[in-house]
Amino acid sequence: METIEFSPASGMLASMWLLVALPLAGAAVLFLLGKRADRWGHWLGCATILASFVLGLTYFLQLSGLDNKSAVLDLYTFIDSGGLEIGASLLFDPLSAVFVLLITGVGFLIHLYAVGYMEHDAGRRRFFAFFNLFVASMLLLVLGNNYIMTFVGWEGVGLASYLLISFWYDRPAAATAGKKAFLMNRVGDAAFLAAIFLMFAAVGSTDFQTVFNGLSEGAAAQTISAGTVIAIGLLLLLGACGKSGQFPLQAWLPDAMEGPTPVSALIHAATMVTGGVYLIARSHVIFSLNETTQLVVVSIGALTLLMGAIIGCAKDDMKRVLAYSTVSQIGYMFLAVGLGGAAYALGIIHLLAHGFFKAGLFLGAGSVMHGMKDQVDIRRFGGLWKYMKITWVTFGLGYLAIIGLPPLSGFFTKDPIILAAFNMDGWKGWVYGGAALLGAGLTAFYMTRLFVLMFHGPKRWTEDIKEPHESPAIMTIPLIVLAIGSVAAGWLMSTQVVTWLTPVFGSEEAHGGKLSHMTVTVLTMAVVIVGVVVAALLFVRGTAEVEKPARTPIVRAARANLYADRVNELVFELPGRMLTRASVWVDNRGVDGVVNGVGAAFSGGSTRLRRLQTGFVRSYALSILSGAVVVMAALLVVTFG
C-alpha cells in the first residue's frame, strides 16, 4: 500500500483555524452577553457560519491548485506525557474540504431558515448559541489531523446535539429524547475511545498519517496481528453507528424529532449523522486491511437501510417518516463505504446529495408546521398544494430526488451504490444488491405516501385550521436554494467529486460484475415506479380512518419501530435495573447488614453485661466465690484426671 503523506499548510491555508474559531466565537459571545444579545444574536450566529463558508470556499479553491492536495496546520502541543505526544493540528484535504463546504453551506441555509422559524421563541438567542457550538464542533471533527482532535469535535457534537434536542426542556418528551441521544451516543463514544487506545498501543501515535502507515506496514510484516486490526476497525464502526444512528444504536435518531425542526434538519441532513460516514471514510486504510471488517460494515448498512425504510412506511408523524428515511439513507452510505475501493467516493457523493434534499425536506416539513399550527400528523393534512405552492414545489423536488428519479440528484448517487452492491463477489452481490434494490422501492413507497397525504387528496384538517398559509421569505428562500441543489447536485458531484476525492481514496476502477449499469438502472426505475404507483393508488384519496388500527403483523411491528426499543429494554435496560436492585439488596442486606449486625451484637452484649453490675457487695462476693470454685475444680481435674 502506498505511503500516505500530508504537506504543511502555507499561504491562506495557514489561517484555516478560523473555520472553527468563527462559529465558536459566535457561540461564546451569545452565551456571555445573554439577554443583551436577544435582538441581534441570531444575525451574529448566521454571519459567523456565512463567514466560515466563504473561508472554506476560498481554501477549497487554493487547495485545488496544490499538487499534493493536502495541507496540515500544526497549532500547538495538545498533550505531552511520557511517550504520548498529541498536537492540536488541522488537516485540509479533498475529503475534509467537501465536508466543510457541506457543513457551512447547508448549515448557513438552516441558520437563515431558523431566524424565521424561531422568531417568536423566547430562547432564540440561546438556540443560535447552541447552533454555532454545534457547527464549530462538527468542523473540528472533520478538520482534525489525528483521532484525538476528531474525538474532541465528536464529543462537542454530542454535547451540542443534546442541548438542541432537549432545547424545549420543559416538555418531558424533549428532555427524555435528549437524554436518550446522549446516553446511546456514549456507547459509541466509548468504543471510539477504545479504538484510539489500541492504535496507540499498536503504533504509538494517533496521527492519521502515522496510524495508517504503521498499521499497513505492521500488518504486512505480521508485527501487528490481524485481530488487532479487526478490533480497531470494529470499535471504530461501533462509534460510527452511534453517531450516524445505525443498527444497533439507531433508536435515538427518530426521537431527536422532539427538538425544533431546524435542529432536525441540521442533525439529520448535513452534520451529525454524517460524522460516522466521515469516520469510516477517513479510516478507509484501516477498513481496507481486512475483508471481515468491510463485510460487517456492508451488513450493518444493508440491514439498517431496510429497517429504516420499513419503519418509515408505517409512520404518520411526517418528521418521524423523514427521520427513519435518514436512518435508511445513511445505511446506503455505510453500504457504499464498506464496499471499499472506488465505492468510498460513491458513499460521499450520496452523503453530499442527501445534505441538499433531506435538509430541504425537513425544512419543508417545518414550513408546513408553520402554516398548520405545528401539526405533524399527515392523516390530518391534504390539499395543501393550493395554499403553500412554494413549499409544495420545493418539497416535491426533494421527494423526487430522494427516490432517485432522473435527472435529479438521487438518481446519480444512489444507482451507482446499488450497482456496486450487485457486483460484489458470489452470493454477497445478490444479497446486498437485492437489499439495496428493495430499499429503493420502499423509499419510493413511503415518500410518495408522505407527499400525497400532505399535499394532495381531500382536506382532512382539524377544526382549528381555517386556512393554511405560506411561510415568510426568510424561510422559503433557503427552501428554493436547497431545491436547486436537489436537482443539480447529483450530476455535478457524480462527474466532479469522484475525481476530486481520488487523492484520498485512490483511482481504483470498479470491475465488471454480474449486472451492467443499464440493467441496474432499469431494475431500480421499475421498483421505484411500482412503489410510487402503489402508494399513490392507496393514499390519493386520503385515509379511510384517522385512527385506523394496524391489521397485519408487519405493520404493527413497523409502527413499533420493529421492536427495537423493546429489545433495548429487555437486553440492556432490564438487566441494568435488575443489577441495580441486586446491588442495592447486597448493599442493604450484605454490607450494611454485616456492619449493623456487628453493632447490634456489641450493643446487645453490652446491655446484658451491664445487668451483671448490680452495685451490691453480696453479688460481687458470690461471683468471686463462684469463680474460685470453678478454678479449684479445674485444678483438681487436671491434677487427678
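See above for the structure.
Parameters at a glance
- Residues numbered from 1 in each chain as written.
- Predicted model: local features only at pLDDT ≥ 70, side-chain atom pairs only at ≥ 80, totals over all residues.
- Heavy atoms only, no water.
- Helix = DSSP H or I, 4+ residues; strand = E, 2+ residues; numbered from the N terminus.
- Buried < 20%, exposed > 50% of the residue type's maximum accessible area, 1.4 Å probe, protein only.
- Contact = heavy atoms within 4.5 Å.
- Areas by Shrake-Rupley, 256 points an atom, 1.4 Å probe, with all protein chains shown as cover.
- Lys, Arg positive; Asp, Glu negative; His and termini not counted.
- Charge placed at Lys NZ, Arg CZ, Asp CG, Glu CD.
- Axes fitted to C-alpha atoms, helices over the stretch in contact; angles between N-to-C directions.
- Parallel < 35°, antiparallel > 145°, perpendicular 65-115°, else oblique.
- Nonpolar A, V, L, I, M, F, W, Y, C, P; charged D, E, K, R; others polar.
- Salt bridge = Lys/Arg side-chain N within 4 Å of Asp/Glu carboxyl O.
- Phe/Tyr/Trp six-rings, centres within 6.5 Å; stacked < 30°, edge-to-face > 60°.
- Lys NZ or Arg CZ within 6 Å of the ring centre and 35° of its normal.

(A) The overall build of the chain, seen in detail. If you tally the helices and strands in the chain, you get 24 helices and two strands. Along the first, second and third principal axes, the C-alpha atoms of the chain reach 115 × 70 × 60 Å. A buried classification covers 53% of the 641 residues belonging to the chain. A fraction of 81% describes how many contacts in the chain between residues 6 or more apart in sequence connect residues 24 or more apart. Only carbon and sulfur atoms are counted for the fraction: they give 67% of the accessible area of the chain, which is about 27200 Å². A distance of 14 Å separates the average location of the 42 positive side-chain charges in the chain from that of its 37 negative side-chain charges.

(B) Focus on the packing of helix α8 (residues 226–244) against helix α11 (residues 274–282). For the pair α8 and α11, interaxial distance at closest approach is 6 Å and the crossing angle is 155°. Viewed along their axes, α8 and α11 adopt a mutual orientation that is roughly antiparallel. The residues of α11 that touch α8, namely those facing Leu236, Leu237, Ala240, Lys243 and Ser244, are Thr274, Gly275, Gly276, Val277, Leu279 and Ile280. Split into classes, the residues belonging to the contact of α8 with α11 amount to six nonpolar, four polar and one charged.

(C) Summary view of the pattern of salt bridges. What the rule picks out here adds up to eleven salt bridges. Between Arg320 and Asp255 there is a salt bridge; the shortest N-O distance is 3.2 Å. A residue pair is termed long-range when its members are at least 10 positions apart, and Arg320 in helix α14 (residues 318–339) and Asp255 in helix α9 (residues 252–255) qualify at 65 residues. Two residues, Arg379 and Asp377, come together in a salt bridge whose shortest N-O distance is 2.9 Å. On the basis of relative accessibility, which here comes to 13%, the residue Arg379 falls in the buried class. Beyond isolated ion pairs, a larger network of salt bridges with shared partners links Glu155, Arg186, Asp189 and Lys243.

(D) Seen up close, the packing of aromatic side chains. Applying the stated criterion across every chain, the model contains 29 aromatic pairs. Ring centres of Tyr147 and Phe212 lie 6.4 Å apart, and the angle between their planes is 85°; on these two criteria the pair is classed as edge-to-face. One end of the pair, Tyr147, is in helix α5 (residues 147–165); the other, Phe212, is in helix α7 (residues 208–220), and 65 residues separate them in sequence. Here Tyr147 matches Phe212 in class, with each residue buried. Taking 5.3 Å as the distance between ring centres and 15° as the angle between the ring planes, the aromatic pair formed by Tyr344 and Phe505 counts as stacked. You can see Tyr344 sitting in helix α15 (residues 343–371) and its partner Phe505 sitting in helix α20 (residues 502–505), a full 161 residues away along the chain. A relative accessible area of 1% means that Tyr344 is categorised as buried. Through a chain of ring-to-ring contacts, the aromatic side chains of Phe31, Phe127, Phe128, Phe130, Phe131, Phe167 and Trp168 assemble into a single cluster. For Arg449, the ring lying beneath its charged end belongs to Phe539, and the centroid distance is 5.3 Å.

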